[in-house]
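# Architecture at a glance
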Amino acid sequence: LHKDCHQRVRQKLVCPIHGEVAREDLEKGYEYTTDKFVILNETDLETVRLETTGTIELVQFIRPEELDPMFLEVPYYLGPDGPVAQEGFAVLLEALRRSKRIGIGRVILHGKERIVALKPNGKGFVFFTIRYAGEVRPGMPCSEELTEKPMDAAQVALAQKLIESKSSPLNLAAFTDRYQTELLNIIKAKVEGTEPVLVQHHGTSMAVGLMEALQKSVAEARKMARPMTKSGRRKVALAA
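Values in this document were obtained by computation on a predicted structure and should not be read as measured data. (Residues numbered from 1 in each chain as written. Predicted model: local features only at pLDDT ≥ 70, side-chain atom pairs only at ≥ 80, totals over all residues. Heavy atoms only, no water.)

### Re the pairing of strand β3 (residues 28–33)
The side chains of a regular strand alternate, first on one face of the sheet and then on the other. Put simply, the rule reads: Here a strand pair is declared whenever DSSP counts at least two bridges between the two strands. A run of DSSP states H or I qualifies as a helix once it reaches four residues; a run of E qualifies as a strand once it reaches two. Both are numbered from the N-terminal end.
Of the strand pairs in this sheet, β3 and strand β4 (residues 36–40) are connected by 5 bridges, and their pairing is antiparallel. Bridge assignment links E31 to a residue of β4, and that residue is F37. Taken together, β3 and the strand that follows it, β4, pair antiparallel across an intervening segment of 2 residues, in which D35 is found at a positive phi of about 60 degrees.

Rendered as structure tokens:
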């Protein structure tokens, strides 16, 4: 918005040589080297645009652990295309369950061919679009500077205790977007004409030693894990 009148601003298309240009005067180009473009017209794009068929072509079946999660993108639910397809749908679903495999195939989405992973999901299927191998960079450069040296056994043991104390069944519903929640609270307060309540966040000092941090985390995890009595008091175990 314009800060003076709060009207929504509109973006303009500007050429550095000719100034403002109309949208109908635009064309597509590919930068094959710095500031040098090859022009692509609609005929060029139609030549490579694939027709969306709504059909997944399965080309192989693999064990789920063979697919690195790094390659997974967007999930889609999948159902049969009418009553005629239900029998084949059900047969493939049961066969994949019994063989403990997932299907790898191709599908046309928005004019482009995508690789997908098909897996059973309840009474139906879900498929994930998969990144091509060239789209995922190796993580080695990020770990090249790490040096191999003997681990402090006490630190490792304490870290294991922390992991064990915080291990529980996954419940994604317990996680919420705290930023969005706080932002909506501020918006609601402004709409109602009241002052928003701002939550203070305190950062963690990087000067704290690893051992001290682990001990503190384990102590807090144990405190939170103690069961509550009906009166609200925590049970305390006594050792002889």
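### Side note on the packing of aromatic side chains
Selection rule: Each Phe, Tyr or Trp ring (for Trp, its six-membered ring) is paired with any other whose centre lies within 6.5 Å, and the angle between the two planes then decides the class: stacked below 30 degrees, edge-to-face above 60, tilted in between. Burial status follows relative accessibility: with a 1.4 Å probe on protein chains alone, a residue under 20% of its type maximum counts as buried, one over 50% as exposed, and anything between as partly exposed.
This structure, assessed with the given rule, holds 2 aromatic pairs. For the pair Y76 and F127, a centre-to-centre distance of 5.2 Å together with 20 degrees between the ring planes defines the contact as stacked. Taken as a pair, Y76 in strand β6 (residues 72–78) and F127 in strand β9 (residues 124–130) lie far apart in primary sequence, 51 residues in all. Here Y76 falls in the partly exposed class, since its relative accessible area comes to 32%.

### Brief notes about a nonpolar patch on the surface
Our working definition: What goes into a patch is any residue over 30% in relative accessible area without a salt bridge, connected to like charges within 9 Å or, for nonpolar side chains (Val, Leu, Ile, Met, Phe, Trp, Tyr), within 5 Å. Values of accessible area rely on a 1.4 Å probe in the Shrake-Rupley scheme; residue burial ignores everything except the protein chains shown. Just to be clear on terms, a salt bridge is a Lys or Arg side-chain nitrogen sitting within 4 Å of an Asp or Glu carboxyl oxygen.
A contiguous nonpolar surface patch, about 540 Å² in accessible area, is contributed by Y179, L183, L184, I187 and V191. By the secondary structure assignment, Y179 is in helix α5 (residues 178–192).

### Some details on the sheet that holds strand β5 (residues 57–62)
Where we set the bar: Here an angle of 0 to 180 degrees is reported between the N-to-C directions of two axes, which are lines fitted to C-alpha atoms, with helices fitted over the stretch in contact. Residue contacts follow a heavy-atom distance rule, with two residues in contact if any of their heavy atoms lie within 4.5 Å.
Pairing within the open sheet is antiparallel, and its 5 strands lie in the order β5-β7-β8-β9-β6. Here the strands that pair on one side only, and so sit at the sheet edges, are β5 and β6. Averaged over all pairs of adjacent strands, the angle between strand axes in this sheet comes to 30 degrees, irrespective of strand direction. With 5 bridges connecting them, β6 and β9 associate as antiparallel partners. Within β9, the position partnered with L72 by the bridge is I130. Where helix α2 (residues 86–99) meets the sheet, it contacts β5, β6, β7 (102–109), β8 (112–121) and β9, and its direction lies at approximately 75 degrees from that of β9.

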